[in-house]
Amino acid sequence: MLDRAQRVFDAPNSFQNFIAGRFVGAEHGDTIPRESPAHGKIVSYYPASTRTDAKAAITAARESFDAGTWAFSYGGDRARLLQEVARMIRRDADELALVEALETSKPFEAARGEILFSAELWDYAAGAARALHGDSLNTLGASMLGLVLREPIGVVGIITPWNYPFLILSERLPFALAAGCSAVVKPSEFTSGTALMLGRYLKDAGLPDGVCNILSGLGDPVGQTILDSHDVDMVAFTGSTRVGRAAIAASAGNIKKLSLELGGKSPSVVFADCDLDAAVDGVIKAATVNMGECCIAGSRLLVQASIADEFQNRIAQRLQQVQMGDPFDPASRIGAIINRAQFDRIAQMVRDGLASGARLVCGGEPGHNAGLFFPPTVLADVTPDMRVAREEIFGPVLSVMSFERLEDAIRLANDTEYGLAAYVWTNDLTKALSCSRRIRAGRVWVNAALEGYPELPLGGFKQSGNGRETGRYGIEEYTELKSVHLKVGEQTERWVEGA
Ligand code: NDP
């Protein structure tokens, strides 16, 4: 794969927008160059779309939805098209993973795994397109039949971040399309390649022009134009809490529906009775997967006091075996951080933690020659008031706290403004179920970390967002319910007496 990467360094990829069924550059032809964070070489050019481009994409989506060709199409036809896209994703998995690994610096094999899982999501959404239905009520009396129609919500704006570019898009777009919606997609300015490649698959699979439009560009103007538009009925936004708040403010304009997946500070809760080997591995995976740039990263370790010292030492020892390096080295588990700003933020947070009394167990800020590679870092003696215990770091940094009893563990786990995920390690069923039921988070893993299934919904409690993606609930998010009151038989009652 390194030789194919080398070819991209020599001749970077150049992508186009997909608007109204056509592949086009940005209004003024401007582009955004993207450097591979691990190699410091330009690998991609994306269109630097303008407000005018965004409006054109929204208009195309609006017209296609209002025409009704896709919205009223047979679910079986929508299913076949989505399955065809899934087939193309699998066919091109290496190519998609190459682009993703170059733009994000995540290990190539991890990128490939995400692409193949994305194909599963397109397949699942295909099945959901056939299964989606409303309801009927035959209980309203002899002369009234109630129908509950489940209709596509309309034009959906999908704004995605840089950490899992194709996967996060695939958790949303196929479900919106399965429901019969039209879409405008804006990927991150740092990792737009695979989203823009998707346009070709949708076109070749036969999606009617305008149903899905994909354009790259900066958050403002492109994302902001989508948020502000009165022609957009819903926005599915994934990213920072800061922009999530801006989305809520902008949604007031036309009361558009929002689905938000925002930050997290998820706990790994480790009880003394757990399988320690499995827990050490799972805690490391949850904290360092995707270089810790993961909304559901297990970034807080809450460990029972009786095993705390032993457990954090074992974590530190095992982390020495985690290889960090070139995304195309098959041994690499950890690649480079997405960009200099994010790298500096991680370093600053670690410094802040140490200054406020945390103890460095391993890792820490690397030297100047390290490029954008940040080593897995464990901070012990963390207290709940420290920034490293409260704020999302989005890097491979684990903040360790300890607890005595189950009640303390649950209180600490919930002592956060976020609620995306939690990981629980115990062989005691009561503890497992108590944590699962009482930790306020959208996803809980028990004796496992990060294994995902298209069937299960995902999303956040509290300031981690609202709405759910994937699974049966995911497709329903992109629909509206309509009640039809259907009078049957002869009408004898009159509202105006004597009429
Ligand atoms: P952002 O929220 O800025 O980016 C997410 C998406 O929103 C990108 O496509 C971005 O565009 C877009 N965007 C930015 N500004 C606007 C706007 N005014 N209107 C509409 N869309 C906009 O996240 P960052 O990339 O800056 O990451 C910052 C932090 O957010 C991270 O450190 C992490 O804590 C958190 N984060 C959480 C993620 C999650 O999965 N929950 C994912 C990524 C980040 P563009 O980037 O192209 O300018």
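One can find the structure itself at the top, above this paragraph.
Not measured: the values here are computed from a predicted model. (Residues numbered from 1 in each chain as written. Predicted model: local features only at pLDDT ≥ 70, side-chain atom pairs only at ≥ 80, totals over all residues. Heavy atoms only, no water.)

**Focus: the sheet that holds strand β15 (residues 359-362)**
Pairing is mixed across the open sheet formed by seven strands, whose spatial order is β15-β16-β17-β14-β13-β18-β19. Each end of this open sheet is capped by a strand with a single partner; those strands are β15 and β19 (443-446). The mean angle between the axes of side-by-side strands here comes to 25 degrees, regardless of whether they run parallel or antiparallel. Relative to strand β16 (residues 377-380), β15 runs antiparallel, the two being bridged by three bridges. In the strand pairing of β16, Arg359 is matched with Ala380. Across the sheet, helix α11 (residues 276-288) is in contact with β13 (266-270), β14 (298-304), β17 (397-403) and β18 (421-425); its angle to β18 comes to roughly 165 degrees. (Pairing = 2+ DSSP bridges. Helix = DSSP H or I, 4+ residues; strand = E, 2+ residues; numbered from the N terminus. Axes fitted to C-alpha atoms, helices over the stretch in contact; angles between N-to-C directions. Contact = heavy atoms within 4.5 Å.)

**Considering the nonpolar core**
As a rule of thumb, nonpolar side chains are buried together in soluble globular proteins. Membership of the largest hydrophobic core comes to 136 residues, with the highest contact counts inside it found for Trp122, Leu173, Leu198, Leu202, Val270 and Phe311. The dominant element in this core, judged by the number of residues it contributes, is helix α5 (residues 108-131), at ten residues. For Phe311, the residues in contact, after removing those within four places along its chain, are Val270, Leu276, Ala279, Val280, Val283, Leu301 and Val303. Within the second largest apolar cluster, 23 residues are counted, among which are Phe65, Ala71, Ile226 and Leu258. (Core = buried A, V, L, I, M, F, W, Y, C linked by side-chain atoms within 4.5 Å. Buried < 20%, exposed > 50% of the residue type's maximum accessible area, 1.4 Å probe, protein only.)

**Looking at the side chain of Lys186**
Tracing the backbone through its elements, the reader meets Lys186 in strand β9 (residues 182-186). The buried charged residue Lys186 lacks any salt bridge partner; its closest oppositely charged side chain belongs to Glu189, at an N-O distance of 6.1 Å. For Lys186, the side chain forms a polar contact with the main-chain oxygen of Gly217, separated by 3.0 Å. For Lys186, the residues in contact, after removing those within four places along its chain, are Ile158, Ile159, Thr160, Leu215, Gly217, Leu218, Gly219, Val222, Gly223 and Ile226. (Lys, Arg positive; Asp, Glu negative; His and termini not counted. Salt bridge = Lys/Arg side-chain N within 4 Å of Asp/Glu carboxyl O. Polar contact = N/O pair within 3.5 Å; in protein donor to acceptor, adjacent residues only side chain to side chain.)

**A short note on the sheet that holds strand β1 (residues 13-14)**
Pairing is mixed across the open sheet formed by three strands, whose spatial order is β1-β5-β4. Looking at strand neighbours, the two that pair on one side only are β1 and β4 (31-35), the edges of this open sheet. In terms of strand pairing, β1 meets strand β5 (residues 42-47) through two bridges, oriented parallel. Bridging from a neighbouring strand, Ser14 pairs with Tyr45 of β5.

**Concerning the packing of aromatic side chains**
A full pass over the atoms with the stated rule returns eight aromatic pairs. Measuring from ring centre to ring centre gives 5.4 Å for Phe343 and Phe374, while their planes differ by 65 degrees; the resulting arrangement is edge-to-face. With Phe343 in helix α13 (residues 340-355) and Phe374 in the loop between β15 and β16, this residue pair connects regions lying 31 residues apart in the sequence. The exposure class assigned to Phe374 is buried, which follows from its relative accessible area of 1%. The ring of Phe343 carries Arg340 above its face, with NZ or CZ at 5.0 Å from the centroid. Here Arg472 stacks its cationic end above the ring of Tyr473, 4.6 Å away from the centre of that ring. (Phe/Tyr/Trp six-rings, centres within 6.5 Å; stacked < 30°, edge-to-face > 60°. Lys NZ or Arg CZ within 6 Å of the ring centre and 35° of its normal.)

**Digging into the site of the ligand**
Taken together, 27 residues surround the ligand, and among them Trp162, Lys186, Glu189, Ser240 and Glu392 come closest. Between the ligand and the protein, one listed contact pairs an oxygen atom with a backbone N or O atom of Thr160 at 2.8 Å. One nitrogen or oxygen atom from the side chain of Gln342 is found 3.3 Å from an oxygen atom belonging to the ligand. The fraction of the free accessible surface of the ligand (870 Å²) that becomes covered by protein chains is 88%. Only α9 (219-228), β11 (234-238) and α10 (241-251) provide two or more residues apiece to the shell around the ligand. Structurally, the shell around the ligand is a two-domain feature, drawing no fewer than three residues from each of domain 1 (2-262 + 460-483) and domain 2 (267-446). (Near = heavy atom within 4 Å. Areas by Shrake-Rupley, 256 points an atom, 1.4 Å probe, with all protein chains shown as cover. Domains from an automatic or database assignment.)

None of the figures reported here should be taken as evidence of function without further support.
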